[in-house]
Amino acid sequence: MHTILITGATGQLGGTVIDFLTHNSAELKLKALARNPEDEKAKALTAKGVEVVYGDYDKPDSLKEAFKGVDKLYFVSASDIEKRVPQHHNVVNAAREAGVKHIVYTSFARKNETESSPIYMVAEAHLKTEEWIKASAMTYTILKHNLYMDFVPFFIGENVFETGLYLPAGDGRAALLTRSDMARVGAAVLTGAGHENKEYNVSSDESVSYKDIAGYLSEISGKEVSYTSPDPQEYHNTLKKAGVPEEMIGVSLGFALATAQGELSETSHIFEELTGKKPLRVKDFLKSVYGK
Ligand SMILES: NC(=O)c1ccc[n+]([C@@H]2O[C@H](COP(=O)([O-])OP(=O)(O)OC[C@H]3O[C@@H](n4cnc5c(N)ncnc54)[C@H](OP(=O)(O)O)[C@@H]3O)[C@@H](O)[C@H]2O)c1
């Protein structure tokens, strides 16, 4: 019997990892960290037979207490970009102090690690966290997640069939995986052997461009969906005029430019190697979202 604790378990990625683990949990003691153990999402975990323990990334003592007796920790990166550098420091320190043996961290796929990267806003905490983890005595697995495929509808907008696809991603390609497939990889790492001190590129075995995506949408809808890659400043101005909040424009623009620069293009066979299955294809994902 060994104990696995999942952080971010009340969220989408961590919650899906829990779902994959509860399917084969005979020799596992599963715990979930929650900052509000009384909320509905935490109670739903208890109902699945998972032990919910209190812990808040902002509160080091709560984390140290929660991590006691844990063999493997699945550490979901925090969602508040402004606060997550100190939060991640708290999590890694608490895990080390509590005697966690193996930490599995959800990081990000990239090539450029300098401040010139268009997604440096998400990079800083990940890069520092990887360093802290490697400097600790814990064994680790770093999961370098590509962009969630689930974000494509958010980037291309609700009216894509009327307006066409408008995004400054050029001819860049991205090896997108769904969040659910990333969770499957996480569950396989947590329950499998031989993942000590490894770093995996958690990306699909196919990469697609937004021109490909426009082609898939054309097939799905039966009418031509165009793709325009505007100048980044023009894109910014257009979205601002349409009333899109600055923060959302920054995320869309950052990931579009990262795609254009090939930051997300490296493919990987990790999903099939660890699960024996093929990842969900972008075309099939789009069909499930936009098909009738
Ligand atoms: N690769 C990508 O494309 C991509 C895209 C978006 C995000 N991400 C990263 O991946 C992570 C997981 O994604 P997701 O979609 O599962 O996000 P999500 O649904 O927002 O889940 C975030 C989880 O983190 C927990 N959390 C946040 N702050 C915390 C704190 N101070 N202490 C303890 N727990 C805290 C949340 O708890 P509550 O339920 O209490 O809020 C929730 O369980 C995100 O947090 C982000 O770092 C990656």
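How each quantity is defined
- Counting restarts for each chain: residues are numbered from 1 in the order of the written sequence.
- This being a predicted model, a pLDDT of at least 70 is required before a residue's local features are given, and a value of 80 or more before pairs of side-chain atoms are given or counted; all residues contribute to the totals for chains, interfaces and linings.
- In this description a helix means any DSSP run of H or I spanning at least four residues, a strand means any run of E spanning at least two, and both kinds are numbered starting from the N terminus.
- Here the globule rule reads 2.2 Å times residues to the power 0.38, and the radius of gyration is calculated from C-alpha atoms.
- Residues are called buried when their C-beta atom has 20 or more other C-beta atoms within 10 Å, exposed when it has 12 or fewer, and partly exposed otherwise; all C-beta atoms are positioned from the backbone.
- Here the contact rule is simple: place C-beta atoms from the backbone, and any two residues whose C-beta atoms are within 7 Å are in contact.
- In this analysis, strands are considered paired if DSSP registers two or more bridges between them.
- For every element, the axis is a line fit to its C-alpha atoms; helices are fit only across the contacting stretch, and the angle between N-to-C directions ranges from 0 to 180 degrees.
- The criterion for a residue being near a molecule or strand is a backbone-placed C-beta atom within 6 Å of that molecule or strand.
- In this classification, the charged set is Asp, Glu, Lys and Arg, the nonpolar set is Ala, Val, Leu, Ile, Met, Phe, Trp, Tyr, Cys and Pro, and all remaining amino acids, among them Gly, are polar.
- Convention used here: a crossover is right-handed provided that the path from the first strand, over the helix, to the second strand proceeds clockwise when the strands point away from the viewer.
- As used throughout, domain bounds are those supplied by an automatic or database domain assignment.
- Expected helix span is given by 1.5 Å per residue-to-residue step, counting one fewer step than there are residues.
- An angle below 35 degrees is treated as roughly parallel, one above 145 as roughly antiparallel, one from 65 to 115 as roughly perpendicular, and anything else as oblique.
- Here a crossing is called left-handed whenever its near helix is offset anticlockwise from the far helix by less than a right angle, and right-handed whenever the offset is clockwise.

1. What to know about the overall build of the chain
Working step 1: Secondary structure assignment for the chain yields 13 helices and 11 strands.
Working step 2: The C-alpha atoms of the chain give 20 Å as radius of gyration, which agrees with the globular expectation for 292 residues (19 Å, within 12%).
Working step 3: Here the C-alpha coordinates of the chain stretch approximately 55 × 35 × 35 Å along the principal axes.
Working step 4: A total of 292 residues make up the chain; the buried ones form 43% of that total.
Working step 5: A separation of at least 24 residues holds for 79% of the contacts in the chain among residues at least 6 apart in sequence.

2. Overview of the sheet that holds strand E1 (residues 2-6)
Working step 1: As summarised here, the arrangement of the 7 strands in space is E3-E2-E1-E4-E5-E6-E9, forming an open sheet in which the pairing is parallel. In this open sheet, the two strands that pair with only one neighbour each are strand E3 (51-54) and strand E9 (198-202). Adjacent strand axes in the sheet meet at a mean angle of 20°, parallel and antiparallel pairs treated alike.
Working step 2: For strand E6 (residues 139-145) and E9, the ladder comprises 5 bridges, and the chain directions are parallel. Following the sheet pairing, Ile142 is matched in E9 by Glu199.

3. What about the site of the ligand?
Working step 1: Within the structure, the ligand sits among 24 residues, and Gly8, Thr10, Gly11, Leu13 and Ser77 are positioned closest to it.
Working step 2: Among the elements that take part in the shell around the ligand, helix H1 (residues 12-22) stands out by supplying 3 residues, more than any other.
Working step 3: Class assignment of the residues belonging to the shell around the ligand gives a composition of 7 nonpolar, 11 polar and 6 charged.

4. Regarding the pairing of strand E5 (residues 102-108)
Working step 1: Judged by how many residues are buried, E5 sits mostly within the fold: 7 of 7 residues are covered.
Working step 2: Burial of the side chains of E5 extends over both faces: His102, Val104, Thr106 and Phe108 are buried on one face and Ile103, Tyr105 and Ser107 on the other.
Working step 3: In this structure, strand E4 (residues 72-75) lies alongside E5, joined through 4 bridges in parallel fashion. Residue pairing across strands places Lys72 opposite His102, the latter belonging to E5.
Working step 4: The parallel pair E4 and E5, bridged by helix H4 (residues 84-98), forms a crossover whose chirality is right-handed.

5. A word on the environment of Lys278
Working step 1: Following the sequence through the fold, Lys278 ends up in the loop between helix H12 (270-275) and helix H13 (282-290).
Working step 2: Since 12 C-beta atoms lie within 10 Å of it, Lys278 is described here as exposed.
Working step 3: Sequence separation of Lys278 and Val189 is 89 residues, and the distance between their C-alpha atoms is 17 Å.

6. Regarding the domain arrangement of the chain
Working step 1: The domains assigned to the chain are domain 1 (2-145) and domain 2 (146-176 + 204-266 + 280-292).
Working step 2: Computed over C-alpha atoms only, the centres of domain 1 and domain 2 are separated by 29 Å.
Working step 3: Split into classes, the residues belonging to the side of domain 1 that touches domain 2 amount to 4 nonpolar, 3 polar and 2 charged.

7. Section: the pairing of E1
Working step 1: Two elements, E1 and strand E2 (residues 28-34), share 5 bridges in a ladder whose sense is parallel. When the bridges of E2 are listed, Ile4 appears paired with Leu30.
Working step 2: Bridge count between E1 and E4: 3 bridges; the pairing is parallel. Bridge pairing in E4 places Ile4 opposite Lys72.

8. Looking at helix H8 (residues 179-191)
Working step 1: The terminal C-alpha atoms of H8 lie 19 Å apart, and with 13 residues this matches the ideal 18 Å at 1.5 Å per residue to within 8%.
Working step 2: Among the residues making up H8, those that are buried are Asp181, Met182, Ala183, Arg184, Val185, Gly186, Ala187, Val189 and Leu190.

9. Regarding the packing of helix H9 (residues 210-221) against H13
Working step 1: One way to put it is that H9 packs onto H13 with a least axis distance of 10 Å and a crossing angle of 45°. Relative to H13, the element H9 is oriented oblique. As H9 runs across H13, the sense of the crossing is right-handed. Mapping the contact onto sequence places Ile213, Tyr216, Leu217 and Ile220 in H9 and Val282, Lys283, Leu286, Lys287 and Tyr290 in H13.
Working step 2: Class assignment of the residues belonging to the contact of H9 with H13 gives a composition of 7 nonpolar, no polar and 2 charged.

10. Examining the packing of helix H10 (residues 232-241) against helix H11 (residues 246-260)
Working step 1: Two elements in contact, H10 and H11, have axes whose closest approach is 10 Å; the angle formed by their N-to-C orientations is 155°. When the axis of H10 is compared with that of H11, the two are roughly antiparallel. Here H10 runs over H11; the crossing is right-handed. Residue-level inspection shows Pro232, Tyr235, His236, Leu239 and Lys240 of H10 in contact with H11, the latter providing Ile249, Leu253 and Leu257.

11. Quick word on the environment of Lys211
Working step 1: With respect to the element layout, Lys211 can be found in helix H9.
Working step 2: According to the C-beta neighbour criterion, Lys211 is partly exposed, with 16 such atoms within 10 Å.
Working step 3: Along the chain, Lys211 and Glu131 lie 80 residues apart, while their C-alpha atoms are 37 Å from each other.

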